[in-house]
Amino acid sequence: MNDPDRTVPVLVVGVGNAYRRDDGAGLAAAARLAEAAGAPVRLHDRLADGTALLETWRGAETVILLDATRSGAPAGTIHRLTGAPEAIARLEAHTGASTHGLGIAEAIALGAVLRRLPRRLVVIGIEGSCFEHGVGLSPEVGRAVTEAVDCGLQEIVRVRAPYVPGASR
Amino acid sequence: MPVERRTIKVDALARVEGEGALYVRTSRGRVTEVRLQIYEPPRFFEAFLRGRAFTETPDITARICGICPVAYQMSACRAMEDACGVAVGGQLRALRRLLYCGEWIQSHALHVYMLHAPDFLGYGSIVEMARDHPEAVQRGLGLKQAGNELMRLLGGREVHPINVRVGGFYRVPSRRELDGFVERLRRARDAAVETVRWVAGFDMPAFEQPYEFVALRRPDEYPIDDGRIASSGGLDIAAGEYGDHFVEEQVPHSHALHSRLRAGGAYLVGPLARYNLNFEALSPLAKEAARGAGLGPVCRNPFQSIVVRGVELVYACDEALRLIGQYDAPERPYVDVPPRAATGHGCTEAPRGILYHRYTIDAAGTIVEARIVPPTSQNQAQIEADLRDVVQQSLALPDDRLTLRCEQAVRNYDPCISCATHFLRLHIDRT
């Protein structure tokens, strides 16, 4: 976001590398989710360093972050991680080798220590299977992008729903 | 320590860019073997540049590194312009230097605060350090962000900028756009001065080496984008003579080639080399920051590289402000670079040291041959030499502390393993 003082209710963030096959799943899903929800989006195609995320979500109340995962689950599995502690614990296990200065889990942990996290953070992980050089998602992952978009839309609907005291959110 | 044989192994070095490992073996209190193993797979950039248009090099080579893409773009452009007999000067050169300042600021801030400072303060990671030093970490993040914003302003985006072309830029900023950034840079410069004070207070291991420093040198300015290749041993050559004086060798334990001086051996590139060969060219504020940190014009302790990076942060902010102050938007964003059959050389100062490119192109501008020598591969032999002496000096330490000291010594060089492959885990064998 260019204006550091601006606040937005919902921000969609996509992370990945479109030139490493399924690693582009988070970028593809974030672009589609933002369009479907009419929400602002920031795409980090090849995030050089995770600390950039702390700046990315400055001023955002809710952040939906989409990224590819590599946990050993079947390709196309959707992981929905709610809140920083769960995201940190499970992302450390899922993201594997990274050449980033700081990984996403570390960036979220740093954000938690420095009180630079959005009020609500939901990470939607899309399990990939092919991280080789090249473009295009594997078929299962391509289908899972639609599921990830739906999952993100449900989160956004929940955030946007008028607050009804006593109602379950 | 009475133990006869020790092995220290680090299987995956943390807080370095890319994947590598370290293996050290000692026998009867002597270091017998040190190997910096770079196992990040090679990426064959030089091979797939062949057959591409000369105009594609800034965008293709930018992809080699997410931290220092501008260095690749600048060395590539310089080499192609050299081949075609075109010199880019005036405000276009000033803008290139300004973009490069952005990269130095973000890269040095990342390394000083996020990667290297935890070693000196005894933390396993930046997250642990942030719990006790939140103010410092926020300052580091702010500095890094200023560098990123400068890169975005001139390069179109901060990772793999897209606005650089052979001959100049696709679009140049207006005077007003740059003026709008002045206040941000002034705050960054204050943070950089504070950075030098902060790191100067760290406990520095006593360790000096008789380095041969290699860096670009110009009498009139601190080297970033231009200069002759000079060394503390008296070398003074043009980029085109690089191949006559430096040689790359394969070693069995690394995917990265080791560089050596034909006339000497291992040498050191990067902030320490630039500083020692160009101290007088620093801005008055940067010199003052260095003196305030207790540094003279010569610094041979690689652990103090963190202070020198701080001094270069001050310089880069200062220089960026100077460049903006004298800016006058050029009428055209680039100069024409008509191709011709020739070989060109380009050498610029990436944050980690000199980055050399050489290309041969045909009359249509198609690349026939490409050669890229990144700073980390040039430093590998020197890193191993440093480690040998660091381990020898520190044998009394238990394995866990010795391992940390070794990692800290490697991080003195801010190695960029992804760049060097064609890089960390640590094994120390004490026998």
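Residues numbered from 1 in each chain as written. Chains lettered and ligands numbered in written order. Predicted model: local features only at pLDDT ≥ 70, side-chain atom pairs only at ≥ 80, totals over all residues.

### Focus on the overall build of chain A
- A tally of helices and strands in chain A yields five helices and five strands.
- N-terminal to C-terminal, the α/β element order of chain A is β-α-β-α-β-β-α-α-β-α.
- Put simply, 78% of the contacts in chain A that link residues at least 6 apart link residues at least 24 apart. (Helix = DSSP H or I, 4+ residues; strand = E, 2+ residues; numbered from the N terminus. Contact = placed C-beta atoms within 7 Å.)

### Quick word on the overall build of chain B
- Helix and strand content of chain B: 15 helices and 14 strands.
- In terms of C-alpha radius of gyration, chain B reaches 21 Å, essentially the compact-globule figure of 22 Å for 431 residues.
- Across the 431 residues that make up chain B, the buried fraction comes to 56%. (Rg over C-alpha atoms; globule rule 2.2 N^0.38 Å. Buried ≥ 20, exposed ≤ 12 C-beta atoms within 10 Å, placed from the backbone.)

### Details of the confidence of the model for chain A
Residue and element names in this part refer to chain A.
- The pLDDT averaged across chain A works out to 85; a share of 86% of its residues lies at or above 70.
- At the level of individual helices and strands, chain A shows its lowest average pLDDT in helix α3 (residues 84-94), which scores 71, and its highest in helix α1 (residues 25-37), which scores 96.
- In this model residues 96-100 is a low-confidence stretch, pLDDT under 50, and it forms ten contacts with partners more than four residues away in sequence or in other chains. (pLDDT = per-residue confidence, 0-100.)

### Describing the confidence of the model for chain B
- For chain B, the mean per-residue pLDDT works out to 90, and 92% of the residues sit at or above 70.
- Reported confidences for the modelled complex are a pTM of 0.90 and an ipTM of 0.83.

### Thoughts on the interface of chain A and chain B
- Contacts between the two partners involve 16 residues from chain A and, on the opposite side, 23 residues from chain B.
- A total of four residues in the side of chain A that touches chain B trace back to one element, the largest contributor, which is helix α4 (residues 104-113) of chain A.
- Among the residues making up the side of chain A that touches chain B, the classes are represented as nine nonpolar, three polar and four charged. (Nonpolar A, V, L, I, M, F, W, Y, C, P; charged D, E, K, R; others polar.)

### Quick word on the nonpolar core
- Judged by nonpolar contacts, the single largest core of 158 residues is most densely connected at Ala29(A), Ile64(A), Ile126(A), Val145(A), Ile105(B), Val311(B) and Val314(B).
- Among the elements that take part in this core, helix α4 (residues 90-121) of chain B stands out by supplying 14 residues, more than any other.
- Every residue in contact with Ile126(A), bar those within four places of it in the chain, is listed here: Ala25(A), Gly26(A), Ala29(A), Leu66(A), Ala68(A), Thr69(A), Ile78(A), Val141(A), Ala144(A), Val145(A) and Ala148(A).
- One finds Leu22(B), Val31(B), Val391(B) and Tyr413(B) within the second-largest nonpolar core, a separate group that totals 19 residues. (Core = buried A, V, L, I, M, F, W, Y, C linked by C-beta atoms within 7 Å.)

### A word on the sheet that holds strand β2 (residues 41-45) of chain A
Residues and elements named next belong to chain A.
- If you walk across this open sheet you meet the five strands as β2-β1-β3-β5-β4, and the pairing is mixed. Both outer strands of the open sheet, β2 and β4 (78-82), are each paired with one neighbouring strand and no more. Taken pair by pair, the neighbouring strands of this sheet meet at an average axis angle of 15°, ignoring direction.
- Here strand β1 (residues 8-16) pairs with strand β3 (residues 60-69) via six bridges, running parallel. Looking at β3, one finds that Gly 14 is bridged to Leu 66.
- Here helix α5 (residues 139-160) sits on the sheet and contacts β1, β3, β4 and β5 (120-127); the angle it forms with β5, its principal contact strand, is near 165°. (Pairing = 2+ DSSP bridges. Axes fitted to C-alpha atoms, helices over the stretch in contact; angles between N-to-C directions.)

### Considerations on the pairing of β5(A)
Residue and element names in this part refer to chain A.
- Most of β5 is tucked away: seven of the eight residues are buried.
- The sheet contact formed by β3 and β5 spans eight bridges and is parallel. Residue Leu 66 lies in a different strand from β5, and its bridge partner there is Ile 124.
- Two strands pair when backbone bridges link them, and β4 and β5 are joined in this way by five bridges, in the antiparallel orientation. When the sheet's bridge partners are listed, Thr 82 is paired in β5 with Val 122.

### Observations concerning the packing of helix α10 (residues 271-278) of chain B against helix α12 (residues 305-325) of chain B
Residue and element names in this part refer to chain B.
- It is at 9 Å that the axes of α10 and α12 come closest, and there the two elements cross at 65°. Overall, the two elements α10 and α12 adopt an arrangement that is roughly perpendicular. Crossing hand, α10 versus α12: left-handed. Residues Pro 271, Leu 272 and Tyr 275 of α10 form the contact with α12, whose own contacting residues are Ser 305, Val 308, Arg 309, Val 311 and Glu 312. (Parallel < 35°, antiparallel > 145°, perpendicular 65-115°, else oblique. Left-handed = near helix turned anticlockwise from the far one by under 90°.)

### Quick look at the pairing of strand β7 (residues 228-231) of chain B
All names here are of chain B.
- As paired strands, strand β6 (residues 214-217) and β7 are joined by four bridges and run antiparallel to one another. Bridged to Arg 217 within β7 is Arg 228.
- The pairing of β7 with strand β8 (residues 236-237) spans two bridges and is antiparallel. The residue bridging Ile 229 from the neighbouring strand is Ile 237, located in β8.

### Details of α5(A)
All names here are of chain A.
- Taking 1.5 Å of rise per residue, 22 residues should cover 32 Å, and α5 covers 32 Å from first to last C-alpha, within 8% of that figure.
- Within the sequence span of α5, burial applies to Val 141, Ala 144, Val 145, Ala 148, Val 149, Cys 151, Gly 152, Glu 155 and Ile 156.
- At its buried positions, α5 is contacted by β1, α1, β3, β4 and β5. (Expected span 1.5 Å × (residues − 1).)

### Looking at the sheet that holds β6(B)
All names here are of chain B.
- Strand order across the open sheet formed by three strands is β6-β7-β8, with antiparallel pairing between neighbours. On the outer flanks of this sheet lie β6 and β8, each paired with one strand and no other.
- Across the sheet, α10 touches β6 and β7, and the angle it forms with β6 is around 50°.

### Some thoughts on the environment of Pro134(B)
- As for its position among the elements, Pro134(B) is in helix α6 (residues 134-155).
- Residues Pro134(B) and Thr360(B) lie 226 residues apart in sequence; the distance between their C-alpha atoms is 50 Å.
- Here Pro134(B) is in contact with Val113(A) and Leu114(A), once residues within four sequence places are set aside.

### Remarks on unusual backbone geometry
- Phi at Arg115(A) is positive, roughly 55°, even though this residue is not glycine.
- Note on Arg115(A): 7 C-beta atoms within 10 Å, which makes it exposed.
- Here the phi dihedral of Arg28(B) falls at roughly 50°; this positive angle occurs in a residue that is not glycine.
- Along the chain, Arg28(B) falls in the loop between β2 (20-27) and β3 (30-38).

### Looking at the packing of helix α11 (residues 284-292) of chain B against α12(B)
Residue and element names in this part refer to chain B.
- Interaxial distance between α11 and α12 falls to 8 Å at its minimum, and their mutual angle equals 165°. Between α11 and α12, the angle is such that the two are roughly antiparallel. Every pair of crossing elements has a handedness; the one defined by α11 and α12 is right-handed. For the pair α11 and α12, contact is made by Leu 285, Ala 286, Ala 289 and Ala 290 and by Val 311, Val 314, Tyr 315 and Asp 318, respectively.
- Split into classes, the residues belonging to the contact of α11 with α12 amount to seven nonpolar, no polar and one charged.

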